[in-house]
Amino acid sequence: MSTAPQRFLPLDVFRGMTVCFMIIVNTPGTGVAFGPLNHAHWHGCTPTDLVFPSFLFAVGNAMSFSMRKYDQLGSGAVLSKIFRRTFLIFLLGFLMYWLPFVRHTAAGGYEFIPLGDTRILGVLQRIALCYGLASLMIYFLPKKGVWAVSAILLLAYWAILGAFGDAGDPYSLHGNAVLKFDRIILGDSHLYKGEGFPFDPEGLLSTLPAIVNVVAGYYTGLFVQQQGKTQQGLNRLILAGAVLIIAAQLWNLALPINKKIWTSSYVLYTVGIDLLLLSLLIFIIDFKHLTGWTGFFTVFGKNPLFLYLLSEVLVIFLYFFQTSSGKSVYVWINDTLFQPTAPGKVGSLLFAVVYMLLCWSVGWVLDRRRIYVRV
């Protein structure tokens with residue numbers, strides 16, 4: 001925990017909006033969600049598919065503040081800080097997926113969840129790996145070197161997908177190289193099974209292009225601190241965002257925009273949209289001085305990782321604990337309170353918003369007490 005560091009309001013709001021929307025899309029009720037609150041089935045990009053890359057972009061923004069302190073430290077101390085934070089975030093993500101360490105049995109009792117059945121990778125794990133690798137690149141390489149490595153990552157990943165995916169359709173759900181690589185390295189029992197079979201949308205291979213989202217966020221954060229409040233700086237951000245979106249759409253003709261295998265075209269597309277969103281926030285907040293609405297989002301923006309972790313852990317236990325009828329508490333709350341009040345999609349959204357506000361209230365208390373949880 002620490003007192004509040006130096007803040008830059010548009011970046012705080014951007015971070016907060018990302019966490020806010022992430023909680024909403026991750027915790028729908030038991031009714032069917034509205035289309036924009038679902039991930040694309042495979043190729044394509046919905047508003048929900050923008051959330052995770054925006055979080056990585058925001059991680060890079062935060063690094064543009066924290067890494068300035070590294071100039072005063074030796075390489076040994078810097079490496080220690082980077083590896084320690086990478087390890088802790090990864091460990092938190094791993095333990096979160098292992099929670100609550102036991103599961104219900106058919107006989108009505110409990111059994112320990114074996115380590116061999118636990119998912120290894122996930123959202124926090126990808127954040128950890130991308131943060132760690134991006135930090136090393138930025139610290140040890142000149143700016144041009146970092147951008148060169150970033151370009152190589154995107155192009156090499158495209159080549160790997162094409163070379164090792166199925167010849168007929170290398171970007172398909174069952175024939176992509178990401179799936180093949182993760183099955184070999186991690187094994188089926190350690191992969192996510194949300195697609196109905198072992199496939200991890202936060203796998204090892206697909207983490208490589210995601211590093212570029214963090215790198216882009218880092219240099220955007222530096223740029224905004226230096227030129228964000230000038231008209232020229234704002235124009236450059238808007239132009240860069242538009243160029244990246246156009247480039248992504250052109251690349252999409254050969255390499256589909258796809259969140260689940262985190263294609264290189266998807267990286268350009270999401271960074272481009274993040275630049276435009278951040279430009280809009282800068283215009284509203286710094287140019288028009290309309291700040292009265294920002295306090296809600298800065299509550300999330302000041303404790304982003306903690307509030308995200310809180311939202312996920314609480315849901316895990318809501319699903320784990322059951323009523324006397326055998327329903328999980330999560331399902332019971334939805335079926336008893338929200339679906340009768342507003343059946344279907346509206347009730348699902350209502351639950352998600354109420355749940356987000358619950359997490360926000362914890363963040364508000366922390367902010368009022370000037371408590372900012374750092375890993």
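These numbers come from a predicted model, not from an experiment.

Q: Run through the overall build of the chain, naming residues and quoting values.
A: Assigned secondary structure in the chain consists of 13 helices and 2 strands. Taking 375 residues into account, the globule formula puts the C-alpha radius of gyration at 21 Å, and the chain, at 21 Å, falls close to it. Principal-axis analysis of the C-alpha atoms gives the chain an extent of 65 × 55 × 45 Å. Counted over contacts in the chain with a minimum sequence separation of 6, partners at least 24 positions apart contribute 73%. With an accessible surface of roughly 16900 Å², the chain has 68% of that area assigned to carbon and sulfur atoms. Averaging the positions of the 27 positive and the 17 negative side-chain charges in the chain gives two centres separated by 12 Å.

Q: Describe the confidence of the model for the chain, naming the residues involved and giving the relevant values.
A: Taken residue by residue, the chain gives an average pLDDT of 93. The fraction at 70 or more is 98%. In the model, residues 1–6 has pLDDT below 50 throughout and makes 14 contacts with residues more than four positions away in sequence or in other chains.

Q: Go over empty space enclosed by the protein with me, naming the residues and quoting the values.
A: Counted under the stated rule, the structure contains 1 cavity of 30 Å³ or more. Of the volumes computed, that of the largest cavity is approximately 40 Å³. As for the largest cavity, its lining consists of Ile24, Val25, Pro28, Ala33, Phe34, Leu37, Lys345, Ser348, Leu349 and Ala352. Residue assignment for the lining of the largest cavity shows that the elements contributing at least two residues are α1 (9–26) and α13 (345–368). Per element, the largest residue contribution to the lining of the largest cavity is 4 residues, and it comes from α13. The residue makeup of the lining of the largest cavity, split by class, is 8 nonpolar, 1 polar and 1 charged.

Q: For the layout of surface pockets, give the residues involved together with the corresponding values.
A: Looking at the largest pocket, its volume works out to about 1300 Å³. In this structure, the largest pocket is lined by 42 residues; those nearest its centre are Asn26, Tyr97, Arg119, Tyr192 and Glu312. For the lining of the largest pocket, the secondary-structure elements that each account for two or more residues are α1, α2 (51–66), α3 (75–98), β1 (102–104) and α11 (304–320). Its residues assigned to classes, the lining of the largest pocket shows 23 nonpolar, 10 polar and 9 charged.

Q: Explain the pattern of salt bridges to me, using residue names and the numbers behind them.
A: Counted under the stated rule, the structure contains 11 salt bridges. We note a salt bridge from aspartate 166 to lysine 180, for which the minimum N-O separation is 2.7 Å. With aspartate 166 in the loop between α5 (143–164) and α6 (177–185) and lysine 180 in helix α6, the pair connects residues that are 14 residues apart, well separated along the chain. Residues lysine 327 and aspartate 335 are paired through a salt bridge, measuring 3.0 Å at the closest nitrogen-oxygen approach. In this structure lysine 327 comes out as partly exposed when scored by relative accessible area, which is 35%. One salt-bridge network, in which partners are shared between bridges, spans Arg119, Asp200, Glu202 and Lys259.

Q: Help me get a handle on the packing of aromatic side chains, residues and values and all.
A: In the structure shown here, the tally under the stated rule is 25 aromatic pairs. Ring plane angle 75 degrees and centroid distance 5.3 Å describe the contact between tryptophan 158 and tryptophan 251, whose orientation is recorded as edge-to-face. Residue tryptophan 158 is found in helix α5, and its partner tryptophan 251 is found in helix α8 (residues 231–251); the two are separated by 93 residues along the sequence. Residue tryptophan 158 is classed as partly exposed on the basis of its relative accessible area of 30%. When the centroid spacing of 4.3 Å and the interplanar angle of 20 degrees are considered together, the rings of tyrosine 319 and tyrosine 330 count as stacked. Taken as a pair, tyrosine 319 in helix α11 and tyrosine 330 in helix α12 (residues 329–341) lie far apart in primary sequence, 11 residues in all. Take tyrosine 319: its relative accessible area is 43%, and that puts it in the partly exposed class. Every member of this aromatic cluster is reached through a ring pair, and the members are Trp293, Phe296, Phe297, Phe300 and Trp360. When the ring centre of tryptophan 262 is taken as reference, the NZ or CZ atom of arginine 126 above it lies at 5.0 Å.

Q: I'd like a description of a positive patch on the surface, backed by residues and values.
A: A cluster of basic residues, Arg68, Lys69, Lys81, Arg84 and Arg374, forms a positive patch at the surface. Mapped onto the elements of the fold, arginine 374 is located in the segment after α13.

Q: Give me the lowdown on the packing of α5 against α6, citing residues and values where you can.
A: α6 packs onto α5 with a crossing angle of 85 degrees between their chain directions and a minimal axis gap of 8 Å. Considering the angle they form, α5 stands roughly perpendicular to α6. Taking contact as the criterion, the partners of Tyr157, Ile160, Leu161 and Phe164 in α5 are, on α6, Ala177, Val178 and Lys180. Each residue belonging to the contact of α5 with α6 can be placed in one class, and the counts come to 6 nonpolar, no polar and 1 charged.

Cut-offs used in this document
- Residues numbered from 1 in each chain as written.
- Predicted model: local features only at pLDDT ≥ 70, side-chain atom pairs only at ≥ 80, totals over all residues.
- Heavy atoms only, no water.
- Helix = DSSP H or I, 4+ residues; strand = E, 2+ residues; numbered from the N terminus.
- Rg over C-alpha atoms; globule rule 2.2 N^0.38 Å.
- Contact = heavy atoms within 4.5 Å.
- Areas by Shrake-Rupley, 256 points an atom, 1.4 Å probe, with all protein chains shown as cover.
- Lys, Arg positive; Asp, Glu negative; His and termini not counted.
- Charge placed at Lys NZ, Arg CZ, Asp CG, Glu CD.
- pLDDT = per-residue confidence, 0-100.
- 1 Å grid on protein atoms, 1.4 Å probe; cavity = no way out; pocket = protein on both sides within 12 Å on 5 of 7 lines; lining within 4 Å.
- Points joined across faces, edges and corners; volume = space filled by probe spheres on them.
- Nonpolar A, V, L, I, M, F, W, Y, C, P; charged D, E, K, R; others polar.
- Salt bridge = Lys/Arg side-chain N within 4 Å of Asp/Glu carboxyl O.
- Buried < 20%, exposed > 50% of the residue type's maximum accessible area, 1.4 Å probe, protein only.
- Phe/Tyr/Trp six-rings, centres within 6.5 Å; stacked < 30°, edge-to-face > 60°.
- Lys NZ or Arg CZ within 6 Å of the ring centre and 35° of its normal.
- Patch = residues over 30% accessible without salt bridge, like charges linked within 9 Å, V, L, I, M, F, W, Y side chains within 5 Å.
- Axes fitted to C-alpha atoms, helices over the stretch in contact; angles between N-to-C directions.
- Parallel < 35°, antiparallel > 145°, perpendicular 65-115°, else oblique.

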